[in-house]
Amino acid sequence: MADLSVDVSKLPDEIKDKLAELDLELSEGDITQKGYEKKRTRLLAPFVAQQQPQAGIQLPRGPRGDGAVSRQHTRNRRTHRRVTHNEKRYHSEVRQEAVQQALAEMQNRPKPSLPMPSKRTSMMAKSPDRERHDLSASSSDEDSCAGDTELPPPPELGSPPARRPAAPHPRHPHAVPLLNLQREREKKMAQRERTEIDLSELSVHLPAYVQPDVTHTSGARTRGGALVADRVQCYAQPEDTGTGTGRWKVSAKIQQLLNTLKRPKRRPLPEFYEDDDIELEIAANPKDPNAPKPEGGTMTPAVGEQLVVPSGLPRILEAALQRYGTASFKANVATVLDPNGKLSNSLTYGKLLSRSMKISYALLNKTFTTKASSGGPLTGDNSIKPGDRVALVYPNNDPINFMCAFYGCLQACVVPVPIEVPLTRRDAGLQQVGFLLGSCGIQYALTSDACLKGLPKTSSGDVVSFRGWPSLQWVSTEKLPRPPRDWIPPPRPAEDAPAHIEHTSAADGSAMGVIVTRGSMLAHCRMLSVACNYTEGEHMVCVLDFKRETGLWHAVLASVLNGMHVIFIPYALMKVSPASWMHMITKYRASVAIVKSRDLHWGLLATRDHKEISLSSLRMLLVADGANPWSLSSCDQFLSVFQSKGVRGDAICPCACSSESMTVCVRRAGRGGSSAGRGVLSMSGLSYGVVRVDAENSLTSLTLQDCGQVMPSCVIVVVKMEGPAFLCKTDEVGEICVLSGATGSGYWGLAGLTNTVFKVRPLDADGEAIGEEHYVRSGLLGFLGPGGLVFVCGSRDGLMTVTGRKHNMDDIIATVLAVEPMKFIYRGRIAVFSVRVLRDERICIVAEQRPDCGEEESFQWMSRVLQAVDSIHQVGIYCLALVQPNYLPKTPLGGIHLSECKRRFLDGTLHPANVLMCPHTCVTNLPKPREIHSDVGPASVIVGNLVQGNRLASAQGRDMGYTDDSDAARKYQFISQILRWRAQSTSDHVIFTLLNSKGAVSKALTCAELHKKAERIGNLLLEKGRVNTGDHVALIFPPGLDLICAFYGCLYVGAVPVTIRPPHPQNLHTTLPTVRMIVDVSKATLVLSNQSVIKLLRSKEASNVLDSKAWPITLDTDDMPKKKLPILYRAPTAEMLAYLDFSVSTTGMLAGIKLSHAAVTSLCRSMKIACELYPSRHIALCLDPYCGLGFALWCLSSIYSGHHSILIPPSEVEINPALWLSAVSQYKVRDTFCSYGVMELCTKGLGSSVNQLKSKGINLACVRTCVVVAEERPRMHLTTSFSKLFSALGLSPRAVSTSFGCRVNIAICLQGASSPEPSTVYVDLRALRNDRVSLVERGSPHSLCLMESGKLLPGMKVITANPETKGQCGDSHLGEIWVQSPHNASGYFTIYGDESDYADHFSAQLVTGNTGEVYARTGYLGFLRRTEISTATGSGSDDTSMMARDSDTESLASGCGSVSGMGSSESHDTHDAVFVVGALDETIMLRGMRYHPIDIENSVMRCHKKIAECAVFTWTNLLVVVVELDGNDSEALNLVPLVTNTVLEEHHLIVGVVVVVDPGVVPINSRGEKQRMHLRDGFLSDQIDAIYIAYNM
């Protein structure tokens, strides 16, 4: 739409006013940008033609093409703009001036340079979801429920997330790490540590070639039940092509963040503290020696004047109703205006009396005509008796029906509980209201016909059941029959009987009901009548909510007691015609008006309507929120503008009140001019809880007005905010407490809270109670001024205590709004609250951002807010979030629903559009960094252990030396000889069966068939390959039997096989270079493969990635000679090399190890003994066969032990998740082995199909051991979930266990056939960070459950040693696991053949104790723990216990195994459990402490349900957390605060960067391990297409 070039200053006043109103609607969010432009064009169209010829030049379009006008034009418009709602209540010229001055002062200082977050381009445009929100017509719910439009559902409740556009490259399930060899990596890291490099030049340090993928790649992978993009190595994209993440390189932004964080902070950090709860608490609340202290004497209670009830005042409310209802029955009691400002409805005293009597009779006799129920039929006795509670549900535009119902309840002695109308099932705080209704035992809800029609209904026509609400009978109080003439209401109950229950909310949003007794209600009405000098026949105008607090007390109760007439102005009318209340004062010559400071401002801004207004009749303008510190400017401005219209200064009467204490104080009308007080106070002093006068022009001052004098016959004291209720000193801020007969008497059903709030006995300086009476806490914070004036400077709920200083939410809001007001955010739409993180409160600010506000503008504004708050309040902001217009939850009267806003923030459902976290600058109570004590040597450690009686950590597996007649294979030194022997002795024994995805046998091999095929492959190698003894041959086969045949074919001719995973056809650009790299690194002279793989290697697609001619000689096993091998090669010694095993570590190191013939047979024998493997056994294998224990089980174990192996490739399980378990059940398998990836597929893919599997007859009771083959800490959560899920199919919980192997020894621990159940222990995470093991009880804070990694294999010896000093560790002490075993690898095989750097890995020796023994270093941290298995005869498994004893603790180890006892006496057996904690290379050193990434990741995974996967790494001492979002892009920013909070709270670490990515980006290898270093390199080289990257300040 073309912008209209009109000089606004020349327009008629009427048009200016209409434009101002339109601007108001836009600023409120009541109209969309499009609607705004449309209406504005219509208004200005007649004037364009007139002004166009004169202007000659058209104003340029705004930069965003959305109808934005030039700055000059905007400035002209802004002079006419009306400020709305809650916004101007915070407005203060002084504050705005102070903020601008503070910001100007900071211009000269070096400003913190905020790195802009990186956003995916799709995030910068509006999502369809946000479009829908912007189209909602109004920024606040209408008061009437009928015909209300429901807001569209938020993203998490709406339709399923829209499918994202496909990435510009294919993805596959597992990506890889950078394939530098570790030595190169270490050299580079050392260089990085030595020199400070500019991260923007990081690309120089990163390889430019395509990173190869050495991990498993197969078809699409499901995660969480949904098909997600496959994982690939995606870090070699060309430059950003529109889906990137903004202009800057990630590395340069991190450098910018580091530079900002290096700048000196505003105040130095206090002394660091130990990692201990008490010390953290102390650090969060430091005692500032320079803090101002109160110096006054102890205050004396302020006493109100004596209550003298006027002689003509009715005795009680019922009597008043009876008197006025008969004597002045035609006099109006209430008049309501409709949304157009017309007088729509009036109620006379006579009608009020008769209708309330009808309702009273109907309540007790249930003669209701219109009924509807919700939540099903009512249970039990559903009659209404005097004393029962009923809900009053009336909209804000229907005070007449409400008054009738309220007085009907009073006369029937039924207790009304007024609540808001529930408009939708998702109303903020609805569940809490339901809790209140349930606790009050409410079964009936009274409402009007119109409201009943407007409530949301089910298809059957009943009112819907609102979440958390009890079953209710909804009844209309209109058109009721007359009661019989002789019917009289029940007698009036006692004074202390409840009259009504007022609904109020705690700071956390929980609903409470304040009980107001009949005596209190009457006393309060009398006090108000006297204090406000009410007389019969007066007219009162009420703009407030008549259902609670001031509106209820004055306009519904005190008005009837005094026979007054009240004109009610609905909220919906105020939005349309803000001056309507003043017109009613003029029309009715009203003497009293009850308003909020917001209404004063709305009236001020409706300049068009000021002409006919006369306020000279007004003797009292009661400002209900006069206790708000910012009401002063409203009152002053209103008086200055309307003094000419008859407003007198002494008519403005601020008051202070709360639901609990009712009215605390009110300024008396007619006395305001002389006795009104105001004070200019220091905000810094107030933050320490003391009153200090400040200079008027001070930047950090707060000007307060008094709230008048104490109510008649009341006593007020001010007590300390925390701890016992000691009286405050005269210059000290505390909580105001009231002693009066007119307060609430307690919270319904909450006895504990009632005692705390309603039964306070103030104490003097000596700790003695000042009297026997109970005071009531008002929730208001303030002090007593001279002349008994009460000053209020905040509320208890709005108080935030940060680092020992107190800040008021309203003060912070005022400062925030003074930063370039109206430009970037909606002024009335802002929430400030605190969240508790790491033992201290942290301030969060959430505001609604204008739709035309760009990214950079938002962040400039945010940085200015940080500076302003820091300068004026000396406090840091923890989180600043901007949401889309209309996104914050609202109260029924349009304000921000603060507790709901906070709940959404903490639940991760707030959906910010921009977020800035500042943990580095405002978290000052982190624990003390650890200092490493280098003076304690290994000898001292050994002596210490001996002195304490600690056993040195050492463990051994069973002896392999005993003879076993069944083990005929033992006489052979070579696995190839054993195969030949089996082919002769048991030629027809089926030794391998390969299954396809349908569970059918794809191929099977007998011993003889395998031998013959291997011989033919040997011939192929000799004849066509001209292979020599000792040549390395690369075997590139899919998982299957060809791989096994090729392996033995190589051994038959003396070649050294190297097994390599084939490249993935859909992902050649990353997987093919990996294959090629291993071929090169292993120095393979030949490649052996099958037809399909060779075809792929020579395809056109492959030649685009690599030169197809550069491969070594490639032979096809499908094309073999049928000759018999003339002679079987036999190595001269069993110590010679059998095969090479290549694998990628999680740190990105490609490591090849050498295994000798002796190691192969020793490993197989060890597994045979542990797992009791015999030819009659069936073993099911579902894992990858290319390296480690997976390869040994797939290719070696069956040949040695003769058992039948059922081979199930994991890629087939991805197609059919039930395949593995079906095969186990079908073949009655006792022992099965799998990977974590397979276990996860089954757990997630079959979670909902267990009953179907059961009906198909799948039974897992046969399983004795189900071992997860792993090279990491056991994943307790996954194994436990798997056990629980499939226990329904008969799986024994003790069957599931894990193995442990690593590069130096591929099988260290393995759960044996007759081993006891794996034991578990709980260790303290904090101690683990400091390299200590501290055992704790289950459920202890900071506890981490660890499971032992299977039992040590026979022939294995393990110790733990300090990785730095090489001294032996004690039992249950953390150290590096060292192993000694006949099946250790012989060494590394590297590209350089230079093993000097790694020699220590295979020939490590202790520096203390037995220094002659040689061990291999695993590179894994862990500990050993001796456990005692004791079994008493005749006892069931419940009595069997595994006692765990060591020097630290005598606690029981959980998860006890059951071992059958032999003989009549109790048998004892000891067992050394190996607990693996994590890889040493992977640990993160931060602040002197050692963190294991998996612990941080587990915490992050728990913090939000939409996080599908997580990985952490560090860069330049910044912790980077990458999370995968399983949801809409628009939800990405929800995760940033939650991730930051969780890591700070649980690990005491500040997250530097939070990266939100799509599912499938975190690379995972074939063993299911995360490749964090690879992810890090991709991130730093800008090759991750992140949804959002947040840089925490």
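Starting from 1, residues in each chain are numbered consecutively following that chain's sequence as written. For this predicted model, a pLDDT threshold of at least 70 governs which residues receive local features, and a threshold of 80 or more governs which side-chain atom pairs are given and counted, while totals over whole chains, interfaces and linings are taken from all residues. The basis for every side-chain value is the complete set of non-hydrogen atoms in the structure, without hydrogens or water.

Some points on the overall build of the protein chain
Next, step 1: Counting from the N terminus, the helices are the DSSP runs of H or I reaching at least four residues and the strands are the DSSP runs of E reaching at least two. If you tally the helices and strands in the protein chain, you get 46 helices and 61 strands.
Next, step 2: Think of it in three bands: residues with accessible area under 20% of the maximum for their type are buried, residues over 50% are exposed, and the middle band is partly exposed, with areas taken using a 1.4 Å probe on protein chains only. The burial tally for the protein chain puts 61% of its 1593 residues in the buried class.
Next, step 3: Contacts were defined at the residue level, with two residues in contact if any of their heavy atoms lie within 4.5 Å. Across the protein chain, the fraction of contacts at a sequence separation of at least 24, relative to all contacts at a separation of at least 6, is 78%.
Next, step 4: For the protein chain, the accessible area works out to roughly 59400 Å², and carbon and sulfur atoms hold 52% of it. Shrake-Rupley sampling with a 1.4 Å probe provides the accessible areas, and residues are treated as covered by the protein chains on show and by no other component.

A few points about the nonpolar core
Next, step 1: We define a nonpolar core as any set of buried Ala, Val, Leu, Ile, Met, Phe, Trp, Tyr and Cys residues linked to one another through side-chain atoms lying within 4.5 Å. Within the largest apolar cluster, 129 residues are counted, with the highest numbers of intra-cluster contacts made by I254, I845, Y878 and F1579.
Next, step 2: Ignoring anything within four residues of it in the chain, the contact list for F1579 reads V250, I254, F1513, V1520, V1553, V1555, I1584 and I1589.
Next, step 3: The next biggest cluster of nonpolar side chains, apart from the first, holds 103 residues, and it includes A302, A405, V719 and L727.

Comments concerning the side chain of R1303
Next, step 1: Tracing the backbone through its elements, the reader meets R1303 in the loop between β47 (1296–1298) and β48 (1320–1324).
Next, step 2: In protein, a polar contact means a hydrogen-donor-capable atom and an acceptor-capable atom, both N or O and within 3.5 Å, with residues adjacent in sequence counting only if both atoms are side-chain atoms; elsewhere, any N or O pair within 3.5 Å suffices. A distance of 2.8 Å separates a polar atom in the side chain of R1303 from a polar atom in the side chain of D1141.
Next, step 3: Once you skip the residues sitting within four places of it in the chain, R1303 turns out to touch D1141, F1142, S1143, A1151, I1153, C1187, G1188, A1385 and Y1388.

Quick notes on the packing of helix α10 (residues 317–327) against helix α16 (residues 549–561)
Next, step 1: Throughout, an axis means a line fitted to C-alpha atoms (over the contacting stretch in the case of helices), and angles, computed between N-to-C directions, take values from 0 to 180 degrees. In the contact formed by α10 and α16, the axes pass within 8 Å of each other and the chain directions differ by 65°. Relative to α16, the element α10 lies roughly perpendicular. Pair α10 / α16 crosses with left-handed handedness. Facing L317, A320 and Y324 of α10, the residues of α16 in contact are L557, V560 and L561.
Next, step 2: Just so you know the grouping, Ala, Val, Leu, Ile, Met, Phe, Trp, Tyr, Cys and Pro go in nonpolar, Asp, Glu, Lys and Arg go in charged, and all remaining residues, Gly too, go in polar. Looking at the contact of α10 with α16, its residues break down into 6 nonpolar, no polar and no charged. Any angle that falls under 35 degrees is termed roughly parallel, while one over 145 is termed roughly antiparallel, one within 65 to 115 roughly perpendicular, and all others oblique. A crossing counts as left-handed when the near helix is turned anticlockwise from the far one by less than a right angle, and as right-handed when that turn is clockwise.

Regarding the packing of helix α30 (residues 1007–1023) against helix α31 (residues 1041–1052)
Next, step 1: With their axes 7 Å apart at the nearest point, α30 and α31 run at an angle of 60° to one another. As judged from the angle between their axes, α30 and α31 are oblique. Handedness of the crossing formed by α30 with α31: right-handed. In this structure, α30 uses L1010, H1011, K1013, A1014, E1015, I1017, G1018 and L1021 to contact α31, whose residues at the interface are D1042, I1044, C1045, A1046, Y1048, G1049, C1050 and Y1052.

Structural notes on the sheet that holds strand β26 (residues 776–784)
Next, step 1: We call two strands paired when DSSP finds no fewer than two bridges between them. Strand order across the open sheet formed by 5 strands is β4-β23-β24-β26-β27, with antiparallel pairing between neighbours. Looking at the sheet topology across the chains shown, the edges are occupied by β4 (302–303) and β27 (790–795).
Next, step 2: The pairing of strand β24 (residues 734–739) with β26 spans 4 bridges and is classified as antiparallel. Paired with C737 across the bridge in β26 is R777.

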